[in-house]
Amino acid sequence: MAPAPSSTYSAITLNINGEKYTLPVDHRTTLLDALREQLDLTGTKKGCDQGQCGACTVLLDGRRAVSCLQLAVAAEGRAITTIEGVADGERLHPVQQAFLDLDGYQCGYCTPGQICSALGVIEEHAAGWPSAVTADVRPEAGAPPLTAEEIRERMSGNLCRCGAYVSIVQAVARAAEAQVAESQGVLPDMAEPQGAEPQVAEAEAEAEAAEAGIGAKGAAA
């Protein structure tokens, strides 16, 4: 087979999980294919390959991106975080631990993308970014309560064909609480959960109440 014209290839350097990788890529190569096929970072999954399922979600400079729609050459110079770079050595990230503790997965295929998306969601919420269901979007209003409705809307780009959505919502709420506690110097013990935290329980009660057509307080009572 004749080699492809050199004008269609470039040697690029990608900063992935704090390490630099230099590789030749066809200009048409997606970041997803570069990660999986050339760098053997197969934690990022290929699902629909059309940007619809979220299985290939990674973080680019801390923001969520579906890597199947991102060209590898366009990611040069940006900080890329894949699921392989989320944990701190042997210590799981609070988001990973919450998914594990609350069974936020079944087959696990979508889980890497769900976790990367959850990381982005928690940071976006902490920064006060509104969502499509946020009632008060004024900047001075600050971050809205991270209810089940908020979590579902913010995570809606990640599909779980097994239907583990209830547990995913609980895991995101628990991880958000854990990160707030850690930022305040409190290290919660997430290894042996004793049930959903108040925010998780409140979020689920609110969602169930909305479906039943009654007030959240009435459902909690």
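What counts, and where the lines are drawn
Residues numbered from 1 in each chain as written. Predicted model: local features only at pLDDT ≥ 70, side-chain atom pairs only at ≥ 80, totals over all residues. Heavy atoms only, no water. Helix = DSSP H or I, 4+ residues; strand = E, 2+ residues; numbered from the N terminus. Pairing = 2+ DSSP bridges. Axes fitted to C-alpha atoms, helices over the stretch in contact; angles between N-to-C directions. Salt bridge = Lys/Arg side-chain N within 4 Å of Asp/Glu carboxyl O. Buried < 20%, exposed > 50% of the residue type's maximum accessible area, 1.4 Å probe, protein only.

J.: Just checking my understanding: could you explain unusual backbone geometry for this structure?
T.: Negative phi values dominate among residues other than glycine, just as trans dominates among peptide bonds. Phi is positive for Asn 17, close to 55 degrees, though the residue is something other than glycine. By the element assignment, Asn 17 lies in the loop between β1 (9–16) and β2 (19–26). Positive phi, normally seen in glycine, also occurs at Asp 61, with a value near 55 degrees.

J.: Where do I start with the sheet that holds β2 in this structure?
T.: The strands making up a sheet associate through hydrogen bonds between their backbones, and the pairing can be parallel or antiparallel. Taken in spatial order, the 5 strands line up as β2-β1-β5-β3-β4 in an open sheet, and their pairing is mixed. Both edges of this open sheet fall to β2 and β4 (63–66), since each of them pairs with a single strand only. Averaged over neighbouring strand pairs, the angle between their axes works out to 40 degrees when direction is ignored. Pairing of β1 with β2 involves 8 bridges; the strand directions are antiparallel.

J.: Is there a simple way to explain the pattern of salt bridges in this structure?
T.: When their charged atoms lie close together, side chains carrying opposite charge are able to pair. Evaluation of the coordinates by the stated rule reveals 9 salt bridges. We note a salt bridge from Asp 136 to Arg 138, for which the minimum N-O separation is 2.7 Å. You can call Asp 136 partly exposed: its relative accessible area is 32%. A relative accessible area of 47% means that Arg 138 is categorised as partly exposed. When the shortest N-O distance is used, the salt bridge between Glu 150 and Arg 154 registers 2.9 Å. With Glu 150 and Arg 154 both in helix α4 (residues 148–154) and 4 residues apart, the pair spans about one turn of that helix. Look at Glu 150 and you get buried, because its relative accessible area is 4%. Connected through salt bridges with shared partners, the residues Asp 33, Lys 46 and Asp 49 form a single ionic network.

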